[in-house]
Amino acid sequence: LLTGLDIERCDLDIMRNSSSHHTELYGEERLIVRRGHFTLICLRKKYLEGVPTESGTKVSFGLRDSTVDSEWSASATNDPSGNTVSVSISSSPNAPIGVYSLTLDQGGQKTSLGQFILLFNAWCSRDAVYMRSETKRQEYVLAQYGQIYRGTYRRIKGKPWNFGQFEPGVLDICLKILDENPKCISDADKDCSGRRNPIYVTRVLSAMINSNDDRGVLVGNWGEVLDGVHPGTWIGSGDILRQWAESGPVRYGQCWVFAALACTVSRALGIPCRVVTNFQSAHDTNGNLMIEKLYDERGKRMSNADSIWNFHVWVDSWMTRPDLGPEFDGWQASDPTPQEKSEGVFCCGPSSLKAIREGDLTKKYDAPFIFAEVNADVVDLVCLSNGETVKFRDSTDSNYVGCFISTKAVGSDERHDITHQYKYPEGTAECTDTHVTPNHTLKWILNIKLAKNMSVGSDFEVYTVLTNNCLEARTCTFLFFAEAVSYNGKLGNSCGFVSDKVEVPSGEERRLFLRLDYDRYGSVITSDRLIKLSAIAIDKQVAEYHKAEKTIVLDEPDIEIELLGEATVNQSVTAELTLWNPLPKSLQDCSFTVEGVGLTNGKPITARIGTVDPEQEAKARVKFSPTSAGSRVLLANFDSNNLKNIKSSINVVVKE
């Protein structure tokens, strides 16, 4: 190789490098590679230097006969024409991720060759995020669309979400999130060096997705929304991230929005990630692995800090755990929803699923809190007027914590149950859950029966059955409550109550009916459309309290989406959206919003349609121009004053 020649041109060969590094979805405007190997073509090069900053993020390396796969290295070969030299550069599989500048040093004369972005590499066996299965890499790194599961464990429903990690500008925003975290602000060199470690990056993201301690992305709101965007309105991450980059923390989000954002950012940076829903999720505020629910003598719930959420959503990220040992490699749970502080900051994880399943609560990070979410024991206590407490005798499995833990299946929209990855089956020798199954020798047996049609806007009847399991007739006070409830377990106002004092012969039953009218429940339910039913029997002869509970999800109307014509790249196509108003009242401020990767140019499109009368159709047409060919997904959301959080999606095949 010759020395001392001027460089006329440097070709980073973006198309070929993007293809070999699975980064072509980011576009062809700049070079984005994963920790591993890439090639650039330019004139004679004697000495190469990569310079992002100091503290382990600056590296110099000379030319070799061939590259090595364990550290930064470079080799060069002459083009047969003699006019160019091909330089192959291999990055360290342990290099910090981020933006790098590449400099050529010819005996002290330095020439800038350009910049590139280095990401984690799930395709590299030496990378901490290496994932062996190609189908899983496609799902957990490259998939831009997913399903997030919500509802109750008796009625699980997937909601579509647009992760959009490859949409224009999103990767830059993800790197900006890292740059604006407090650790980077206080010590940039140390923080940038720490970005070689997916454990460190995941923990930073857990703190930065929420805005409780910093200028993080999203503000949480579990109450009435008087400003900002209702959490149920969002259908994708891109719009939230862009708003944050422009004007700071975005209002508002709840757990599934926090988790979806964390998944988008993790996948954008190259960390395999999945969104996980835990049904009957315990929130243990004092770390005693016990959820204590307190009631007064009339059976009414008293407020206290512990709670059980109908569902809670977080993320699992795939990585090795050299800090814990190889037996703890694999999926790691982290939770960006601000619930409790960890090391003085609202963040949670990453915590090894294997440690959680084995009950090894000494392993970093936050294993006791996540263990409690899926395993905590539940005690229902009645506070008597004399200061004593007695336990409820529960006739149902309503206190069963951590069930039907769900994520989207690889390669399909089906629900994949991963409960076994978090805990051993109930009743096995390995099971660390101390929950006691229902006692079938109870003196009283309570059951709650539901109506077949329980759609929002309808009137329906439910009832509870009380059975005397004693050998003699008994008398008790029989109560049946219906209350609005948020998905996080917070009780709202009453929407129905009935009571009776009944004498029940041995082996016989009594029923208590409760009619739920929309005029009564419509004004008190949240956008989650949940109603909690509680049946209580009080046997004062023996000072026993019995309870049964069920949470019902009111059925919602469907959004019908029809594509009017074929979808073709760069040609306008119209989607018609229709929703039937099931309420006996008008809907105000109605709108449809659609969004889709490769369909709507990275931004949601909203059609506002005003007022929709009772039992009438809300209808709108939305035009969009697809930007890329292939199989795509169009997501839709309906919003109004009295009916929110209605979502649907259709598959769209875009032709060239």
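The name that an unreviewed UniProt entry assigns to the chain is Protein-glutamine gamma-glutamyltransferase 2, with the source organism given as Sander lucioperca. Entered under Sequence similarities (unreviewed entry) in the UniProt record, the comment concerning the chain runs "Belongs to the transglutaminase superfamily. Transglutaminase family." Turning to the chain, the UniProt annotation filed under Cofactor (unreviewed entry) states: "Ca(2+)".

K.L.:
Tell me what's going on with the overall build of the chain, and back it up with residues and numbers.
P.N.:
Helix and strand counts for the chain come out as twelve helices and 40 strands. The C-alpha atoms of the chain give a radius of gyration of 29 Å, which matches the 26 Å a tight globule of 656 residues would have. By principal-axis analysis of the C-alpha atoms, the chain measures approximately 105 × 55 × 40 Å. A total of 656 residues make up the chain; the buried ones form 56% of that total. The long-range share in the chain, meaning contacts at least 24 apart out of those at least 6 apart in sequence, stands at 66%. A gap of 1 Å separates the mean positions of the 71 positive and 85 negative side-chain charges of the chain.

K.L.:
Which residues make up the sheet that holds strand E33 (residues 560-564), and what are the values?
P.N.:
Two strands in a sheet stick together by hydrogen bonds in their backbones, pointing the same way (parallel) or opposite ways (antiparallel). Strands sit in the order E33-E35-E38 across an open sheet of three strands; the sheet is antiparallel. Each end of this open sheet is capped by a strand with a single partner; those strands are E33 and strand E38 (617-624). Neighbouring strand axes in the sheet, compared pairwise and without regard to direction, differ in orientation by 20 degrees on average. Of the strand pairs in this sheet, strand E35 (residues 573-580) and E38 are connected by eight bridges, and their pairing is antiparallel. By the bridge assignment, Trp 580 is partnered in E38 with Glu 617.

K.L.:
Tell me what's going on with the nonpolar core, and back it up with residues and numbers.
P.N.:
Grouped together as the largest cluster of nonpolar side chains are 81 residues, with contacts concentrated most on Leu 171, Trp 256, Leu 269 and Tyr 422. Top element by residues in this core is helix H8 (residues 255-269). It accounts for twelve residues. Residues contacting Leu 269, with those up to four places away along its chain left out, are Ile 97, Leu 119, Phe 120, Leu 171, Cys 174, Leu 175, Leu 178, Val 201 and Leu 205. Judged by nonpolar contacts, the second largest core, of 57 residues, contains Leu 466, Val 502, Ala 575 and Val 652.

K.L.:
Could you give me a rundown of the side chain of Lys 408, with the residues and numbers involved?
P.N.:
The residue Lys 408 is located in strand E24 (residues 403-408) in this model. Only 2.8 Å separates the side chain of Lys 408 from the backbone oxygen of Ser 412, close enough to count as a polar contact.

K.L.:
Account for the sheet that holds strand E25 (residues 415-417), with residues named and values stated.
P.N.:
An order of E21-E18-E17-E14-E24-E25 is seen for the six strands of this open sheet, with the pairing classed as antiparallel. At either end of the open sheet lies a strand with only one pairing partner, and these are strand E21 (351-352) and E25. Across two bridges, the pairing between strand E14 (residues 273-283) and E24 is antiparallel. Paired with Phe 279 across the two strands is Cys 403, which belongs to E24. On the sheet, H8 packs against E14 and strand E17 (307-319) and is oriented at approximately 0 degrees with respect to E17. Helix H10 (residues 367-375) rests against E14, E17, strand E18 (330-334), E21 and E24 of the sheet, and its axis sits at about 70 degrees to E14.

K.L.:
Residue-level account of the pairing of strand E39 (residues 630-639), with values.
P.N.:
Counting buried residues in E39 gives seven out of ten residues, a clear majority hidden from the surface. Relative to E39, strand E36 (residues 587-595) runs antiparallel, the two being bridged by five bridges. In the sheet register, Ser 591 faces E39, and the bridge partner there is Asp 639. Of the pairings in the sheet, the one linking E39 to strand E40 (residues 646-655) comprises nine bridges and is antiparallel in character. Residue pairing across strands places Asn 637 opposite Lys 647, the latter belonging to E40. Hairpin connection of E39 to E40: six residues between the antiparallel strands, including Asn 645 at a positive phi of 65 degrees.

K.L.:
If you had to explain the UniProt feature "active site" (unreviewed entry) in the chain to someone new, which residues and values would you point to?
P.N.:
UniProt tags Cys 255, His 312 and Asp 335 as "active site" (unreviewed entry). Taken together, the annotated residues stretch across 81 residues yet fold into one region, lying no more than 9.7 Å apart by C-alpha. Relative to the helices and strands, His 312 is located in strand E17. In contact with His 312, other than residues within four places in its own chain, are Cys 255, Val 276, Thr 277, Asn 278, Ser 281, Asp 335, Thr 337, Gln 339 and Glu 373. Setting aside anything within four residues of it in sequence, one finds Asp 335 in contact with Ser 206, His 312, Val 313, Trp 314, Cys 347, Cys 348 and Glu 373. A polar side-chain atom of Asp 335 sits 2.6 Å from a polar atom in the side chain of His 312.

K.L.:
Kindly report on the packing of helix H3 (residues 170-179) against helix H7 (residues 238-247), identifying the contributing residues and their values.
P.N.:
Two numbers describe how H3 lies on H7: the axes approach to 10 Å, and their chain directions differ by 55 degrees. As the angle between them shows, H3 and H7 are arranged oblique. Two packed elements cross with a definite hand, and for H3 against H7 that hand is left-handed. Between H3, through Val 170, Ile 173, Lys 176 and Ile 177, and H7, the contact on the second element is made entirely by Leu 241, Arg 242, Trp 244 and Ala 245. Broken down by class, the residue content of the contact of H3 with H7 amounts to six nonpolar, no polar and two charged.

K.L.:
How would you explain the confidence of the model for the chain if you had to name every residue and give the values?
P.N.:
Atomic detail in the predicted coordinates should be set aside for any region of low pLDDT. Looking at the chain, pLDDT values average 90 and 92% of them are 70 or higher. A low-confidence stretch, residues 433-440 stays under pLDDT 50, and its non-local contacts, those more than four residues away or across chains, total 18 contacts.

K.L.:
Outline the packing of aromatic side chains, listing residues and values.
P.N.:
Aromatic rings considered in pairs are described by the distance between their centres and by the relative angle of their planes. Taken as a whole, this structure holds 22 aromatic pairs when the rule is applied. Taking the centre distance of 6.3 Å and the plane angle of 10 degrees together, the rings of Trp 222 and Phe 258 count as stacked. With Trp 222 in the loop between strand E12 (218-220) and H7 and Phe 258 in helix H8, this pair connects stretches of sequence that are 36 residues apart. Assessed through its relative accessible area of 0%, Phe 258 is described here as buried. Summarising the aromatic geometry, the rings of Tyr 463 and Phe 513 are spaced 5.1 Å apart at their centres and angled 35 degrees between planes, so their arrangement reads as tilted. Taken as a pair, Tyr 463 in strand E27 (residues 460-468) and Phe 513 in strand E30 (residues 509-516) lie far apart in primary sequence, 50 residues in all. Owing to a relative accessible area of 22%, Tyr 463 belongs among the partly exposed residues under this scheme. With relative accessibility at 42%, the residue Phe 513 sits in the partly exposed group. Among the aromatic residues, those joined into a cluster by ring pairs are Trp 222, Trp 256, Phe 258, Phe 279, Trp 309, Phe 311 and Tyr 487. A cation over a ring is seen here: Lys 176 above Trp 244, with NZ or CZ 5.9 Å from the ring centre. Above the ring of Tyr 295, the side-chain terminus of Arg 301 is found at 5.9 Å from the ring centroid.

Parameters and conventions
- Residues numbered from 1 in each chain as written.
- Predicted model: local features only at pLDDT ≥ 70, side-chain atom pairs only at ≥ 80, totals over all residues.
- Heavy atoms only, no water.
- UniProt positions renumbered as here; feature names shortened; annotations may be inferred.
- Helix = DSSP H or I, 4+ residues; strand = E, 2+ residues; numbered from the N terminus.
- Rg over C-alpha atoms; globule rule 2.2 N^0.38 Å.
- Buried < 20%, exposed > 50% of the residue type's maximum accessible area, 1.4 Å probe, protein only.
- Contact = heavy atoms within 4.5 Å.
- Lys, Arg positive; Asp, Glu negative; His and termini not counted.
- Charge placed at Lys NZ, Arg CZ, Asp CG, Glu CD.
- Pairing = 2+ DSSP bridges.
- Axes fitted to C-alpha atoms, helices over the stretch in contact; angles between N-to-C directions.
- Core = buried A, V, L, I, M, F, W, Y, C linked by side-chain atoms within 4.5 Å.
- Polar contact = N/O pair within 3.5 Å; in protein donor to acceptor, adjacent residues only side chain to side chain.
- Parallel < 35°, antiparallel > 145°, perpendicular 65-115°, else oblique.
- Left-handed = near helix turned anticlockwise from the far one by under 90°.
- Nonpolar A, V, L, I, M, F, W, Y, C, P; charged D, E, K, R; others polar.
- pLDDT = per-residue confidence, 0-100.
- Phe/Tyr/Trp six-rings, centres within 6.5 Å; stacked < 30°, edge-to-face > 60°.
- Lys NZ or Arg CZ within 6 Å of the ring centre and 35° of its normal.

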